[in-house]
Amino acid sequence: MSEPYPREGTPAPPRRSARWVRRWAVAMSAAWIVGILWIVMYYVDPDFPVLGEFGNWNLLIGFGLLLLGAVFGVFLLVALVMSARRRP
């Protein structure tokens, strides 16, 4: 007969992260990568067809994407802390 509770010395099985955690992490990473690439591409070739039309606004767009990634990171951190508090 199996025991209803695991033994004291038996480690608990590892918890799998939810899909939304991975999606927030991917969105955060993607925003950071695209923001950095946007700024680098502007400095490498300011006359690039799409980037040349925005002029110096490219810096604001790139830093805005970096800030968006930070906001995703804060949401992810808060959601993980809140979900950890609900578990017994």
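Structural data are supplied above this passage.
Residues numbered from 1 in each chain as written. Predicted model: local features only at pLDDT ≥ 70, side-chain atom pairs only at ≥ 80, totals over all residues. Heavy atoms only, no water.

Another point: the overall build of the protein chain. The helix and strand inventory of the protein chain stands at three helices and zero strands. Mapped in sequence order, the helices and strands of the protein chain form the string α-α-α. For the protein chain, buried positions account for 15% of its 88 residues. For the protein chain, the proportion of contacts with a sequence separation of at least 24, taken over those separated by at least 6, is 61%. With the model as given, the accessible surface of the protein chain reaches about 7500 Å², and the carbon-plus-sulfur share is 69%. (Helix = DSSP H or I, 4+ residues; strand = E, 2+ residues; numbered from the N terminus. Buried < 20%, exposed > 50% of the residue type's maximum accessible area, 1.4 Å probe, protein only. Contact = heavy atoms within 4.5 Å. Areas by Shrake-Rupley, 256 points an atom, 1.4 Å probe, with all protein chains shown as cover.)

Turning our attention to the packing of aromatic side chains. Applying the stated criterion to the full structure yields four aromatic pairs. When the centroid spacing of 5.7 Å and the interplanar angle of 70° are considered together, the rings of W24 and F75 count as edge-to-face. Note that W24 is positioned in helix α1 (residues 19-44) and F75 in helix α3 (residues 57-86), a separation of 51 residues in sequence. Taking 5.8 Å as the distance between ring centres and 55° as the angle between the ring planes, the aromatic pair formed by Y42 and Y43 counts as tilted. Its relative accessible area of 12% is what places Y42 among the buried residues. Here a set of aromatic residues connected by ring pairs shows up, and it is made of W24, F72 and F75. (Phe/Tyr/Trp six-rings, centres within 6.5 Å; stacked < 30°, edge-to-face > 60°.)

Turning to a nonpolar patch on the surface, a few remarks are in order. There is a patch of nonpolar side chains on the surface, built from M41, F48, V50, F54, W57 and L60 and spanning about 600 Å² of accessible area. Locating L60 in the fold gives a position in helix α3. (Patch = residues over 30% accessible without salt bridge, like charges linked within 9 Å, V, L, I, M, F, W, Y side chains within 5 Å. Salt bridge = Lys/Arg side-chain N within 4 Å of Asp/Glu carboxyl O.)

On the secondary structure map, M41 appears in helix α1. Since its relative accessible area comes to 34%, M41 is described here as partly exposed. With 17 residues separating them along the chain, M41 and N58 place their C-alpha atoms 9.5 Å apart.

A few words on the side chain of N58. Structurally, N58 can be placed in helix α3. Here the side chain of N58 touches G55 through a polar contact of 2.8 Å, landing on its backbone oxygen. Sequence-distant contacts of N58, that is, excluding residues within four places in its chain, are made with W38, Y42 and L51. (Polar contact = N/O pair within 3.5 Å; in protein donor to acceptor, adjacent residues only side chain to side chain.)

In short, shape yes, function no, at least from these values alone.
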